[in-house]
Every structure is written in structure tokens, then in C-alpha cells.
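Chain and residue survey
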Amino acid sequence: MTVGTAISRIWPTPATGPLTDAELATLYGRADGPHLRVNFVASADGAVTLDGYSAGLSGEPDKRVFGLLRMLCDGLVVAAGTLRHEGYRAVRLSEPRRAWRREHGLAEYPTLVVVSGSLRLDPTQAAFADAPVRPLVLTRSAVEPPPGLTEVAELIRCGDDRVDLAAGLAELRRRGLHQLLCEGGPYLFGALTAADLVDELCLTVAPLLAGAGPGRITAGDASPPRELPLRHALAADDGTLMLRYARE
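Residues numbered from 1 in each chain as written. Predicted model: local features only at pLDDT ≥ 70, side-chain atom pairs only at ≥ 80, totals over all residues. Heavy atoms only, no water.

This brings us to the pairing of strand β3 (residues 75-79). Among the five residues in β3, five count as buried, and that is most of the element. Burial along β3 is two-sided: Gly75, Val77 and Ala79 facing one way and Leu76 and Val78 facing the other are all buried. Two elements, β3 and strand β4 (residues 111-115), share five bridges in a ladder whose sense is parallel. The residue of β4 that forms the bridge with Leu76 is Leu112. (Buried < 20%, exposed > 50% of the residue type's maximum accessible area, 1.4 Å probe, protein only. Helix = DSSP H or I, 4+ residues; strand = E, 2+ residues; numbered from the N terminus. Pairing = 2+ DSSP bridges.)

Rendered as C-alpha cells:
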């Protein structure tokens, strides 16, 4: 079934007619082994936010793919700052998407994974308090959690001065979370890139100019450039582009 604004494949082989959700899920798919996918939306001039929030850049086609990527993953990784700023709610899926997961031998819901070096987290935020699956928090060894956090989330300590992302991802995979989806923010994306942990980038390009001011989808310390070949390009009828880059 096709929902809302039509999305079509334009590269490498143009597809005739709009793509259904099942066809989109097949195009994005699940990797054969451990895999970290990053998903971002940006304006045509490279801004990561509009009026301070990413939601202003995300139209119906982006939200549709956003939901499908959540359906496909084992764990949803997000930085604490993004969790707070964007007001994350509990990670829940529609019944058809939960049914898809059951049919493919997956847990009914993906596990939320929060990356926080400071543990400045609110255990009453819906992302924790209303979570259908107990969230995990990747943090440093000596940081003390705020009252109530360990009642709603499990802490995974990896690293002393900063969160050791490679060790954290290895622990997630030891727990069976092999297919990871990172939704940001920019500093987490930059750190993952610097550690050479990014296997795939799904980038939605919104058809608008945000103007000067907002940052890019990546931030932090400089790191060497890395090749990431384009795998497909999709276009929605409203002018939105959805690009998927991935390693071999």
C-alpha cells in the first residue's frame, strides 16, 4: 500500500510508479551482519534545523521513511542532547509495523539507546517513563545517575574520559542489537564518523533554503574523509529527495 505523497526511485534504475511501504522496506532492508545506519534530514543548503528543530525540515515523505527505518532496526541510537531538545517520546510502532517485525523474527519494538557522557537525563521524560522496552544508556565509568534513572533504564559504562563508542556498540551487538539506527545529533554523528563506525547514511534533502545560521548534520573534531558510495536515490512528488549511501 502507498501512503500519502508518492515516492519513486530515480536512481540507479528508475522504477515505474510509486513505491509501496513493502518496496521501500526492501530497498532499505537489513544488512547481513552488524551495521550502523545514520538517518538525517537537511535543507537544500545544508541546514540541520529550521527554527532550531529538525522537525521543520521533515515532511510527510521523510516521516514515512523515518518510520520504516525504525521498523527495520534492532536498536535506535540517539545522543542525550537530541533526546532532550527534540522532546523524544517512547519509541512505539504501528500495529502493521510490529506485525512485520514479528513475521521477521524481531522483537516487537526496537530498543532505545541513549548516548550520554554526563547522564543529564530526566527519567520522567516519556522516552524513558513510557518505553515499551527498557532503554539502554551508554555512558562513562565514573558518572553518577540522577535519582530514578536506573529504575527506568539500564546503564552501560564504556570509557573513562568520554563514552567509548566502539566499545558501546560492541556491547550492544553482544546483546543482540546488530542493526543500529542513529538519529543524531550532529556531534554524535561526527564522533561515530571519526571512529569509522558509520556503515550507512540515509539523507533526506528538503526542497527549501534555510539561510545562514543553522549547523550541518555533523559536528565535532575533524576526521579524514571516507568514501561512502550512493546506493539509491528516491524522489517524492513534493520535491523531497531521499539518498542512501552505504559501504560495500
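The strand order β1-β9-β10-β8-β2-β7-β3-β4-β5-β6 describes an open sheet built from ten strands, whose pairing is mixed. Strands at the two margins of the open sheet, each flanked by one partner only, are β1 (7-11) and β6 (154-157). Across the sheet, the mean angle separating the axes of adjacent strands is 25 degrees when strand polarity is ignored. Note: strand β8 (residues 200-206) against strand β10 (residues 241-246), six bridges, orientation antiparallel. Along β10, the bridge assignment pairs Leu201 with Tyr245. Along the sheet, helix α8 (residues 186-194) contacts β2 (35-43), β3, β4, β7 (179-182) and β8; its crossing angle with β2, the most-contacted strand, is approximately 135 degrees. (Axes fitted to C-alpha atoms, helices over the stretch in contact; angles between N-to-C directions. Contact = heavy atoms within 4.5 Å.)

Among the residues of α8, those classed as buried are Leu188, Phe189, Gly190 and Leu192. Residues of α8 that are buried sit in contact with β2, β3, β4, α7 (165-174), β7 and β8. At the C-terminal side of α8, Asp196 shows a positive phi close to 55 degrees.

Our focus in this paragraph is the state of the cysteines. Scanning the entire structure with this criterion turns up zero disulfides. The thiol of Cys73 is not disulfide-bonded; the next cysteine sulfur, from Cys182, is found 11 Å away. Residue class for Cys73 comes out buried when judged on its relative accessible area of 3%. Free of any disulfide, Cys158 has its nearest neighbouring cysteine sulfur in Cys182, separated by 14 Å. (Disulfide = S-S within 2.5 Å.)

It is worth spelling out unusual backbone geometry at this point. Cis geometry is found at the peptide bond from Trp11 to Pro12, where omega equals 5 degrees. By the element assignment, Pro12 lies in the loop between β1 and α1 (21-28). For the bond running from Gly184 to Gly185, omega is 10 degrees, close enough to zero to count as cis. Along the chain, the position of Gly185 falls in the loop between β7 and α8. The phi dihedral of Asp51 falls on the positive side, at around 55 degrees, and the residue is not glycine. One can find Asp51 in the loop between β2 and α2 (60-72).

Scanning all chains against the criterion turns up one aromatic pair. Between Phe40 and Phe189, the ring centres sit 5.4 Å apart and the planes meet at 25 degrees, which makes this aromatic pair stacked. Taken together, the positions of Phe40 in strand β2 and Phe189 in helix α8 put the pair 149 residues apart, joining distant regions of the chain. (Phe/Tyr/Trp six-rings, centres within 6.5 Å; stacked < 30°, edge-to-face > 60°.)

What follows deals with the pattern of salt bridges. A side chain of one charge can pair with a side chain of the opposite charge when the charged atoms of the two come close. For the coordinates displayed, the defined rule picks out 17 salt bridges. Between Arg98 and Glu95 there is a salt bridge, with the nearest N and O atoms lying 2.7 Å from each other. Here Glu95 and Arg98 lie together in helix α4 (residues 95-103), a separation of three residues that amounts to about one turn. Its relative accessible area of 17% is what places Arg98 among the buried residues. Under the relative-accessibility criterion, Glu95 is labelled partly exposed at 38%. Put simply, Arg102 and Glu95 hold a salt bridge, and the shortest N to O gap is 2.6 Å. When its relative accessible area of 42% is taken as the criterion, Arg102 is described as partly exposed. Through salt bridges with shared partners, one network takes in Glu95, Arg98, Arg102 and Glu108. (Salt bridge = Lys/Arg side-chain N within 4 Å of Asp/Glu carboxyl O.)

This part is about the packing of α1 against α2. Relative orientation of the contacting elements α1 and α2 amounts to 60 degrees, with a least axis distance of 10 Å. Between α1 and α2, the crossing angle belongs to the class labelled oblique. Helix-helix and strand crossings are classified by hand; for α1 and α2 the assignment is right-handed. Along its contact with α1, which presents Asp21, Leu24, Ala25 and Tyr28, the element α2 presents Arg64, Val65, Leu68, Leu69, Met71 and Leu72. Of the residues that constitute the contact of α1 with α2, the class distribution is eight nonpolar, no polar and two charged. (Parallel < 35°, antiparallel > 145°, perpendicular 65-115°, else oblique. Left-handed = near helix turned anticlockwise from the far one by under 90°. Nonpolar A, V, L, I, M, F, W, Y, C, P; charged D, E, K, R; others polar.)

None of the figures reported here should be taken as evidence of function without further support.
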